[in-house]
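The primary structure of each chain is shown beneath.
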Amino acid sequence: MNFFIAAVRRELILALRRRSDIVNPLAFFLMVAVMFPLAVSPEPKFLAQVAPGVIWVAALLACLLSADGIFRSDFDDGSLEQILVSPQPLVLVVLAKVLSHWIISGFCLALMSPLLAMMLFLPSEGLGALILSLLLGTPTLSLLGAIGAGLTVGLRKGGILISLLILPLYIPVLIFGAGTVQAGAMGLPIAGYLALLGALLVLSMMLAPFAIAAALKISVRG
Amino acid sequence: MKIKLPQWFYQLASPRWFYEFSGKLLPWFSIAAFILLMTGSVWGLAFAPEDYQQGNSFRIIYVHVPASILAQSCYMLMAIAGAIGLIWKIKMAHVVAKSCASFGASIAIMSLATGAIWGKPTWGAWWVWDARLTAMLVLFFLYVGVIALHSAFENTQSADKASAILSLVGLVNIPIIKYSVEWWNTLHQGATFKVTEKPAMPPEMWIPLLIMVLGFYCFFAVILMQRARIEVLQREKKAGWVQEIIKQN
């Protein structure tokens, strides 16, 4: 377990030293959400209606864009090869990387979401649902995004390709995540939605690390 | 644990044996596909009785339903072939998986297009955000992802393995996507429209449909074998037996 903590620590230190990795997705999250009132309508009533969907789509895109970088720098400087030949189980190392990616992307997005909720006039009853759904949903996004990152890390053009691979897989999380917020904003019970988001998280936590590990082996060894 | 596979399985894994064996099967499947598709479409389009609600426009189901069924089973086959290729390191399985991907994408488009053509007179719109339409669209996206990933790699072997992993991930996700989309639809627009409840189909309607489904499967087998044969020839172009075939022609 020690090396798991060490791996998470290493990733977090790296992220802290390169602050743009943390700040860029957050800035992107904010900017995407700002586009909607500009493009559609600044009317509070309308915005309140679309806010759950807009915030969730923005969070999803921010996660997707940052997912491309999960393994990129490690692949470029060769430490990914060292990780692959190290005696530690690759699945656990991968899980540590995904966890730290979630801390710097999804977790921070969830913390920042009340700001967007306020700007988009989300009813205050929906605020708790928004934060909880992001906390439960974004880890799944990180896990799925890491599959795409693992598959494309050896390729020169990762950017658009990873979105093509991963966006269809994000659909269930988006549906249940935005559904949670919508139900919360209307004052309906959200426990069922949260349970479904949790189920998706458990399932992807069980299966995704193996897919990521296999993908990394292909990308590195060919 | 070691799983023992029957001998024909290993024989089928040899590109040369596959080429010869599929060459023998191909004419039979082509004849079967031709007869079934001709019978099914003439019967379905000309002789099956009209639907009492939808009139003649319902006849597009004789193309739409087989295409939709095929689009789903093609994905299953692609993922299973990919898994076989990953686990037992069988080259032929990857060739089959690759041939499935492009066929599956086109048949999914066909299902969406025929659905839209049928939707216009029936629902009054080319597209509605119905659960089943959306699920088919997502299936198409999954095919596009697999094809895009395969073409992004320069090394064929890595491309095969990577797309096999992606199609397996997709296979796990298909039921989840299907049910989440269904739930989303019933949550948000259950009352917006209702698909006119199908009258229990009389046999003179569903027998041609069954024939068409079988015909589509035979057609799929023909196309799949031909694609796989061409792919095998390209991949094994340095092997002696391929050189001989080239010389003979």
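First, a word on what this report is: a plain description of the structure on this page.

Basis of the calculations
Residues numbered from 1 in each chain as written. Chains lettered and ligands numbered in written order. Predicted model: local features only at pLDDT ≥ 70, side-chain atom pairs only at ≥ 80, totals over all residues. Heavy atoms only, no water. Helix = DSSP H or I, 4+ residues; strand = E, 2+ residues; numbered from the N terminus. Contact = heavy atoms within 4.5 Å. Lys, Arg positive; Asp, Glu negative; His and termini not counted. Charge placed at Lys NZ, Arg CZ, Asp CG, Glu CD. Expected span 1.5 Å × (residues − 1). Bend = angle between axes of the 7 residues up to and from the residue. Salt bridge = Lys/Arg side-chain N within 4 Å of Asp/Glu carboxyl O. Buried < 20%, exposed > 50% of the residue type's maximum accessible area, 1.4 Å probe, protein only. Buried area = accessible area lost by both parts, 1.4 Å probe. Polar contact = N/O pair within 3.5 Å; in protein donor to acceptor, adjacent residues only side chain to side chain. Nonpolar A, V, L, I, M, F, W, Y, C, P; charged D, E, K, R; others polar.

### Concerning the overall build of chain B
Argument step 1. Helix and strand counts for chain B stand at eight helices and zero strands.
Argument step 2. Here the analysis covers contacts within chain B between residues at least 6 apart in sequence; of these, 78% occur between residues at least 24 apart.
Argument step 3. When the 20 positive and 12 negative side-chain charges of chain B are each reduced to one mean point, those points stand 10 Å apart.

### Description of helix H9 (residues 191-221) of chain A
Argument step 1. Helix length check: H9(A) (31 residues) gives 44 Å between terminal C-alpha atoms against 45 Å at 1.5 Å per residue, within 8%.
Argument step 2. At Leu207(A), H9(A) shows its strongest bend, of approximately 35 degrees, with the proline Pro209(A) following within four residues.

### Let's talk about the pattern of salt bridges
Argument step 1. By the definition in use, this model includes twelve salt bridges over all chains.
Argument step 2. For the salt bridge of Arg10(A) with Asp74(A), the shortest nitrogen-to-oxygen distance reads 3.2 Å. Within this pair, whereas Arg10(A) is found in helix H1 (residues 2-17), its partner Asp74(A) is found in helix H4 (residues 72-76), the two being separated by 64 residues in sequence.
Argument step 3. By relative accessible area, Arg10(A) is classed as partly exposed at 35%.
Argument step 4. Of the residues examined, Asp74(A) reaches a relative accessible area of 3% and is grouped as buried.
Argument step 5. Where Glu236(B) meets Lys91(B), a salt bridge forms, and the shortest distance between an N and an O atom there is 3.2 Å. Pair noted here: Glu236(B) is in the loop between helix H7 (203-235) and helix H8 (240-248) and Lys91(B) is in helix H4 (residues 91-123), with a separation of 145 residues, a long-range link.
Argument step 6. By sharing partners, the salt bridges in this structure join Arg10(A), Glu11(A), Asp74(A) and Lys97(A) into a single network.

### Points about the interface of chain B and chain A
Argument step 1. Across the contact, 27 residues belong to chain B and 25 residues belong to chain A.
Argument step 2. Contact between chain B and chain A buries roughly 2,200 Å² in total, counting both sides, with carbon and sulfur atoms accounting for 84%.
Argument step 3. Joining chain B to chain A, the criterion identifies zero salt bridges.
Argument step 4. Counting across the chain B and chain A interface gives zero residue pairs in polar contact (both at pLDDT 80 or more).
Argument step 5. Elements supplying a minimum of two residues to the side of chain B that touches chain A: helix H5 (131-152) and helix H6 (156-189) of chain B.
Argument step 6. Looking at the side of chain B that touches chain A element by element, the count peaks at 17 residues for H6(B).
Argument step 7. Class assignment for the residues of the side of chain B that touches chain A results in 19 nonpolar, six polar and two charged.

Read these as layout, nothing more, since geometry by itself doesn't imply function.
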